Amino acid sequence: MVHQLLPDLQDWDVTITASDINAHFLRKAVAGLYGEWSFHNAPAWLKPRYFERCADGRYAIAPKIKKLVRFACLNMVEDVYPSLATNTNAMDVILCRNVLMYFTPRQVAKVIGNLSHALVDGGWLAVSPTEASQALYPQFSAVNFSEAILFQKNSASSHVQPILLATTPVPQFSVPAVETSLPNIAPTAPDLAAWQQEPVAAEPLPSPLAGAQTLFEQGRYEEAAATLLAALAIPTQRSPEPALLRLLAHALANQGRLADALAWCERWIAADKLDPAGHYLRAIILQERRDPEQARFSLQRAVYLQADFVLAHFSLGHLARSREDP
Ligand SMILES: C[S@@+](CC[C@H](N)C(=O)[O-])C[C@H]1O[C@@H](n2cnc3c(N)ncnc32)[C@H](O)[C@@H]1O
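Here the structure is a predicted model, which means the values were calculated and not measured.

Rules of the game
- Residues numbered from 1 in each chain as written.
- Predicted model: local features only at pLDDT ≥ 70, side-chain atom pairs only at ≥ 80, totals over all residues.
- Heavy atoms only, no water.
- Salt bridge = Lys/Arg side-chain N within 4 Å of Asp/Glu carboxyl O.
- Helix = DSSP H or I, 4+ residues; strand = E, 2+ residues; numbered from the N terminus.
- Buried < 20%, exposed > 50% of the residue type's maximum accessible area, 1.4 Å probe, protein only.
- Pairing = 2+ DSSP bridges.
- Axes fitted to C-alpha atoms, helices over the stretch in contact; angles between N-to-C directions.
- Left-handed = near helix turned anticlockwise from the far one by under 90°.
- Contact = heavy atoms within 4.5 Å.
- Nonpolar A, V, L, I, M, F, W, Y, C, P; charged D, E, K, R; others polar.
- Parallel < 35°, antiparallel > 145°, perpendicular 65-115°, else oblique.
- Near = heavy atom within 4 Å.
- Polar contact = N/O pair within 3.5 Å; in protein donor to acceptor, adjacent residues only side chain to side chain.
- Areas by Shrake-Rupley, 256 points an atom, 1.4 Å probe, with all protein chains shown as cover.

A.B. asks: Please provide a residue-by-residue account of the pattern of salt bridges, values included.
C.D. replies: Taken as a whole and assessed by the stated rule, the structure comprises 10 salt bridges. Where Lys 47 meets Glu 36, a salt bridge forms, and the shortest distance between an N and an O atom there is 2.4 Å. Placement of Lys 47 in helix H3 (residues 46–50) and of Glu 36 in the loop between strand S2 (33–34) and H3 is noted, with a sequence separation of 11 residues between them. Look at Glu 36 and you get partly exposed, because its relative accessible area is 45%. The closest approach of N and O atoms between Glu 223 and Arg 220, which form a salt bridge, is 2.9 Å. The class for Glu 223 is buried, based on a relative accessible area of 10%. On the basis of relative accessible area, Arg 220 is assigned to the buried category, the value being 8%.

A.B. asks: Explain the sheet that holds strand S8 (residues 140–144) residue by residue, including any values.
C.D. replies: Taken in spatial order, the four strands line up as S6-S7-S9-S8 in an open sheet, and their pairing is mixed. Edge positions in the sheet fall to strand S6 (91–95) and S8, since each has one partner strand and no second. Across the sheet, the mean angle separating the axes of adjacent strands is 25° when strand polarity is ignored. Bridging between strand S7 (residues 119–126) and strand S9 (residues 149–153) involves two bridges; their strand directions are antiparallel. Residue pairing for S9: Leu 125 is matched across the bridge by Phe 151.

A.B. asks: Pulling in residues and values, what's your account of the packing of helix H8 (residues 221–233) against helix H9 (residues 242–254)?
C.D. replies: Where H8 meets H9, the axes come as close as 9 Å, and the angle between the chain directions of the two elements is 145°. Note that H8 runs across H9; the crossing there is left-handed. Across from Tyr 221, Ala 224, Ala 225, Leu 228, Leu 229, Ala 231 and Leu 232 in H8, the residues of H9 making contact are Leu 244, Leu 245, Leu 247, Leu 248, Ala 251, Leu 252 and Asn 254. For the contact of H8 with H9, a count of residues per class yields 13 nonpolar, one polar and no charged.

A.B. asks: Just give me the short version of the packing of helix H11 (residues 276–288) against helix H12 (residues 292–305), but keep the residues and values in it.
C.D. replies: For the pair H11 and H12, the least separation of the axes is 8 Å and the interaxial angle reads 160°. It follows that H11 is roughly antiparallel to H12 by the angle criterion. Along this stretch, H11 crosses H12, giving a crossing that reads as left-handed. Listed contacts from H12 to Pro 276, His 279, Tyr 280, Arg 282, Ala 283, Leu 286 and Gln 287 of H11 are Gln 294, Ala 295, Phe 297, Ser 298, Leu 299, Arg 301, Ala 302 and Leu 305.

A.B. asks: Describe the site of the ligand, and please don't skip the residues or the numbers.
C.D. replies: Contacts to the ligand come from 13 residues, most closely from Asp 20, Leu 74, Asn 75, Met 76 and Arg 97. In the model, a nitrogen atom of the ligand is placed 2.9 Å from a nitrogen or oxygen of the Asn 75 side chain. Arg 97 has a polar backbone atom sitting 2.9 Å from a nitrogen atom of the ligand. Here the ligand loses 70% of its free accessible area of 600 Å² to cover by the protein chains.

Dropping the structure here:
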């Protein structure tokens, strides 16, 4: 699809990740060999254009197409995506057909929430026609095309809620593994006399950091970043809290706003030089921006500060491998 749509593909920076939970199916996908039956619904031009016939009668996908795709094992019901580290953030399109049927309704809601978090605003989700029930996708608008219904992620501004004024906790997607039944407490009539005498304690408003953290956990990165930027714009005597800068850098990175993310990450590092996580985030952003030398420098700082920082060692290994340095 990308090859068809982008005649100047070499000038684009395209990342395609293909995932499944099943290693056997992934190996089959990596092999890229298809039998005649695989083409029974495909347009006639597809096979000659993108496949080569093998001696055993099967068809191998063209290497120029295969090399565009990275294959990875992913359990969709785990909270491991979106993540900048695995390149599962700020995606434009997600094709997820005939997978939701394996999940319970609770898991479906959680998976669709996570898929929506992994998309940019306005990004597209394609599911199979049998899964395209609008009620399942509250974060999306259904858009009808002649042969398909696709779901487009609503922009953050269309579901803005006055989160800083909210007094009730906002439900999270992460659900406890075991459901406990709540005791059935019958509502009692309020004691009017007591209410009139006692001053009513106002519920404290959540701090900008707590509010932004909640938005971040809901995948509302744009609103989280806006909340933090507003808090940072208020002049104070003190230098900004590193936790604020940390969350802002992550919220920007998760939106794919890499230049802004890098600038705030550097302010975070300046505010808290000894936190290895700051150097690690800087490295991941720089890797994404194709600056492996600077990324390596930051990863080395991270492992210097925390010798058992496994992910930083792993990323250094990755960088060495891409330099063809065994
Ligand atoms: C029916 S196939 C659909 C394959 C393909 N999307 C299609 O439409 O032809 C479902 C796939 O979902 C994978 N799957 C099942 N549970 C999964 C999970 N928790 N995380 C990721 N993939 C899963 C299965 O291994 C299987 O390959």
